[in-house]
Amino acid sequence: MFNFTTKQKWIINGGLLGSTLVALIGLLLYLLKLIVPAIVLLSIAGIGFFVLMIVWFVFERYNKKKG
């Protein structure tokens, strides 16, 4: 993450924070025995982390071509 621009770092860090918050809310719902909403939120968080990995690699490739 050393060669990313400031805007790219904000996007990645914001995505990590957002996915983490969704996962924590899903965990809270799971602990409150609300299984279906917990599964939905944890699935959304997992997909968000996966999309964030793809964004990370796209940013790296873009920066290598640019630099």
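Source: prediction; values computed, not measured. (Residues numbered from 1 in each chain as written. Predicted model: local features only at pLDDT ≥ 70, side-chain atom pairs only at ≥ 80, totals over all residues. Heavy atoms only, no water.)

Student: An account of the overall build of the protein chain is requested, with residue identities and associated values reported.
Tutor: In terms of regular secondary structure, the protein chain is built from two helices and zero strands. The C-alpha radius of gyration computed for the protein chain amounts to 15 Å, which surpasses the reference 11 Å derived for 67 residues by more than 25%, pointing to a less compact arrangement than a globule. Taking the principal axes of its C-alpha atoms as reference, the protein chain extends roughly 50 × 15 × 10 Å. Counting contacts in the protein chain only where the partners sit at least 6 residues apart, residues at least 24 apart contribute 54% of the total. Total accessible area on the protein chain stands at roughly 5300 Å², and carbon and sulfur atoms take up 77% of it. (Helix = DSSP H or I, 4+ residues; strand = E, 2+ residues; numbered from the N terminus. Rg over C-alpha atoms; globule rule 2.2 N^0.38 Å. Contact = heavy atoms within 4.5 Å. Areas by Shrake-Rupley, 256 points an atom, 1.4 Å probe, with all protein chains shown as cover.)

Student: I'd like a rundown of the side chain of N63, residues and numbers included.
Tutor: Relative to the elements of secondary structure, N63 occurs in helix α2 (residues 35–66). Here N63 falls in the buried class, since its relative accessible area comes to 11%. Beyond its immediate sequence surroundings of up to four residues, N63 is in contact with N3, F4 and Q8. (Buried < 20%, exposed > 50% of the residue type's maximum accessible area, 1.4 Å probe, protein only.)

Student: I'd like a rundown of the environment of Y30, residues and numbers included.
Tutor: Secondary-structure assignment places Y30 in helix α1 (residues 6–31). A residue is classified by how much of its surface remains accessible, and Y30, at 45% relative accessible area, is partly exposed. What Y30 contacts, discounting residues up to four positions off in sequence, is I35 and A38.

Student: Which residues make up α1, and what values go with them?
Tutor: Given a rise of 1.5 Å per residue, 26 residues ought to cover 38 Å, and the 37 Å separating the end C-alpha atoms of α1 matches this to within 8%. What α1 keeps buried is the set Q8, I12, S19, A23, G26 and L29. Check the buried side of α1 and you find it contacts α2. Phi for K33, located one or two positions after α1, is positive at around 65°. (Expected span 1.5 Å × (residues − 1).)

Student: Mind laying out the packing of aromatic side chains, listing which residues take part and the relevant values?
Tutor: All told, the structure shown has two aromatic pairs when counted by the stated rule. A ring pair is formed by F4 and W56, whose centres lie 5.2 Å apart and whose planes are at 80°; its orientation type is edge-to-face. Within this pair, whereas F4 is found in the segment before α1, its partner W56 is found in helix α2, the two being separated by 52 residues in sequence. Residue W56 is classed as partly exposed on the basis of its relative accessible area of 26%. Their ring planes at 70° and their centres at 6.2 Å tell us that F4 and F59 sit as a pair that is edge-to-face. Of this pair, F4 sits in the segment before α1 while F59 sits in helix α2, placing them 55 residues apart in sequence. The pair F4 / F59 is uniform in exposure class, with both members buried. (Phe/Tyr/Trp six-rings, centres within 6.5 Å; stacked < 30°, edge-to-face > 60°.)

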